[in-house]
Amino acid sequence: MAGTLYLVATPIGNLGDFSPRAAETLETVDFIAAEDTRVTVKLLNHLGIKKPMVSYYRHNADTRGDELVDRLLAGESCALVTDAGTPAISDPGEELVAQCAAQDIPVVAIPGACAFVNALAVSGLPTGRFTFEGFLAMNKKNRKAHLESLKHEERTMVFHEAPHKLRATLDDLAAAFGPDRRIALCRELTKLHEEVRRTTLGEAARHYAENPPKGEFVLVIEGAPPKAQEEYTLEDGLAMVAKLQEQGMSARDAVKEAAGVCNLSRKALYDRVMKEKNKN
């Protein structure tokens, strides 16, 4: 019987955010797969836990993933952890979960800290619908294409960014979305110097051009305004009904279709169609 892969979220700054259930999971698994064992051992020492560890990160995921799956299929249980936050979210753990799913290996998430969720919650921007975009590409062509694809995105957008790239990223975002688009820059969440700056892309670019950014950032950006709905007249609806009838649709079905597309009253459109028919 296969073992279980546990996705254990780790603190993004404040060790007090690590849950008793997460600590119990680390105590009971057979081994831990860590992004950086040197970072994870500090957490284990804080908790008084000793457990065998192996590294699992971006550059060894292809080979190490197969090894972890073999151990899980042999019946061992494993806790996957990152240096900070939730495994498999903008993280190579995504690939390990897919491998486990393909082999019907149980995967259990142990919830906890997640930087982009915290940032979204405190941003002051709409949270009902959002898109998580992770880190922008360093390659200028790929970065431009990514931002171009988001120009008309109406949902709130969430990005991660490192301090040394923030200024260039803000310039690119302001160029793509306009300087007046609202943004919340969330820095060092849950840490001593936590800060949330709610402003516009243009003002943020000016501020950090004069003030060197420090710490890891989550950028929460307002979505594009909804597109204005095209207004159709009864004449437009009438023309659409005629076209649909030419394609073989009955008058009643054509009116129903055209009224829905043009956001018109079905009765008013049907009456107009009958009036035109009687004139002829």
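Notes on the structure follow. The residue count restarts for each chain, going from 1 along the sequence in the order it is written. Selection of residues for local features in this predicted model requires a pLDDT of at least 70, selection of side-chain atom pairs for listing and counting requires 80 or more, and totals for whole chains, interfaces and linings are taken over all residues. Computation of side-chain values covers all heavy atoms of the structure but excludes hydrogens and water.

## Regarding unusual backbone geometry
We apply this condition: Counting from the N terminus, the helices are DSSP H or I runs at least four residues long and the strands are E runs at least two residues long. For every residue, the accessible area obtained with a 1.4 Å probe (protein chains only) is divided by the maximum for its type, and the residue is called buried under 20%, exposed over 50%, and partly exposed between those limits.
Non-glycine residue D104 carries a positive phi angle of around 60 degrees. Note that D104 resides in the loop between α4 (93–102) and β5 (107–110). D104 sits in the exposed class, given a relative accessible area of 68%.

## Structural notes on the layout of surface pockets
Cut-off, in case you're wondering: A cavity here means a set of 1 Å grid points, computed over protein atoms only, where a 1.4 Å probe fits but cannot escape. A pocket is an open set with protein on both sides within 12 Å along at least 5 of 7 lines, and lining residues have an atom within 4 Å of a point. Grid points are joined across faces, edges and corners, and a volume is the space filled by probe spheres set on the points. Any residue outside Ala, Val, Leu, Ile, Met, Phe, Trp, Tyr, Cys, Pro, Asp, Glu, Lys and Arg is labelled polar, Gly included; the first ten of those are nonpolar and the last four are charged.
Taken as a whole, the largest pocket encloses approximately 750 Å³ of empty space. Residue lining of the largest pocket: 24 residues in total, with A84, A115, F135, H160 and E216 positioned closest to the centre. Within the residue set of the lining of the largest pocket, elements represented by two or more residues are α5 (115–122) and β10 (217–221). When the residues that make up the lining of the largest pocket are grouped by side-chain class, the tally is 12 nonpolar, 6 polar and 6 charged.

## With respect to empty space enclosed by the protein
With the rule as written, the count across this model stands at 1 cavity of 30 Å³ or more. Considering the residues around the largest cavity, the lining is formed by E35, Y56, Y57, L80, V81, T82, D91, P92 and G93. Counted by class, the lining of the largest cavity contains 5 nonpolar, 2 polar and 2 charged residues.

## Examining the nonpolar core
How we decide: Side-chain atoms within 4.5 Å are what join buried Ala, Val, Leu, Ile, Met, Phe, Trp, Tyr and Cys residues into a set we call a nonpolar core. By the convention used here, residues are in contact when the closest approach between their heavy atoms is within 4.5 Å.
Of all hydrophobic cores here, the largest spans 20 residues; its most connected members are L170, F177 and L185. Elements represented by at least two residues in this core include exactly β7 (156–161), α7 (166–177), β8 (182–187), α8 (201–210) and β10. Ignoring sequence-local partners within four residues, the contact set of F177 consists of L147, L150, K151, M157, L201 and I221. Among the nonpolar cores identified, the runner-up in size contains 16 residues, and L7, V54, A88 and L96 belong to it.

## Digging into the pairing of strand β2 (residues 31–34)
Quick note on the threshold: Note on pairing: two strands pair once DSSP finds at least 2 bridges between them. Convention used here: a crossover is right-handed provided that the path from the first strand, over the helix, to the second strand proceeds clockwise when the strands point away from the viewer.
In β2, alternate side chains face the same way, and those of F31 and A33 on one face and I32 and A34 on the other are all buried. Pairing geometry for β2 and strand β4 (residues 78–81), over 4 bridges, is parallel. Within the sheet, the bridge partner assigned to A34 lies in β4 and is V81. When β2 meets strand β3 (residues 53–55), the two strands line up parallel, connected through 3 bridges. Residue pairing in the sheet places I32 in a bridge with M53 of β3. Regarding topology, helix α2 (residues 37–47) serves as the crossover connection from β2 to the parallel β3, and that connection is right-handed.

## Concerning the environment of D253
Here D253 is to be found in helix α10 (residues 251–262). The spacing of D253 and V241 is 12 residues in sequence and 8.8 Å in space, taken between C-alpha atoms.

## Quick look at α2
Quick note on the threshold: Note that the arc is defined by the directions from the helix axis to the C-beta atoms. Pairing of N or O atoms within 3.5 Å defines a polar contact, subject to two protein rules: one partner must be a possible hydrogen donor and the other a possible acceptor, and residues neighboring in sequence count only if both atoms are side-chain atoms.
Inspection of α2 places T40, L43 and L44 among the buried residues, and these make up the whole buried set. One side of α2 carries all its buried residues, which in axial view fall inside an arc of 100 degrees. Across α2 from its buried face, at more than 90 degrees, point the exposed residues R38, K42 and N45. In the core, the buried residues of α2 are packed alongside α1 (20–28), β2, β3 and β4. The backbone nitrogen of R38 has a side-chain oxygen 2.9 Å away, supplied by the residue at the start of α2, namely D36.

## What about the sheet that holds β7?
Note the cut-off: Interaxial angles span 0 to 180 degrees and are taken between N-to-C directions of axes, which are lines fitted to C-alpha atoms, for helices over the stretch in contact.
Taken together, the 5 strands give an open sheet; going across it, the order is β6-β7-β10-β8-β9, and neighbouring strands pair in mixed fashion. A single partner strand is all that each edge strand has here, and the edge strands are β6 (130–135) and β9 (195–200). The mean angle between the axes of side-by-side strands here comes to 20 degrees, regardless of whether they run parallel or antiparallel. Where β7 and β10 come together, 5 bridges link them in antiparallel fashion. Paired with H160 across the two strands is V218, which belongs to β10.

## Structural notes on the sheet that holds β2
Taken in spatial order, the 5 strands line up as β3-β2-β4-β1-β5 in an open sheet, and their pairing is parallel. The open sheet has two edge strands with one neighbour each: β3 and β5. Shown here is a sheet whose adjacent strand axes are inclined to one another by a mean of 25 degrees, direction ignored. Most of the contacts of α1 go to β5, to which it runs at about 135 degrees, and overall it touches β1 (5–8), β2, β4 and β5. Contacts between helix α3 (residues 61–73) and the sheet are confined to β1, β2, β3 and β4, with β3 contributing the most and set at about 150 degrees to the helix.

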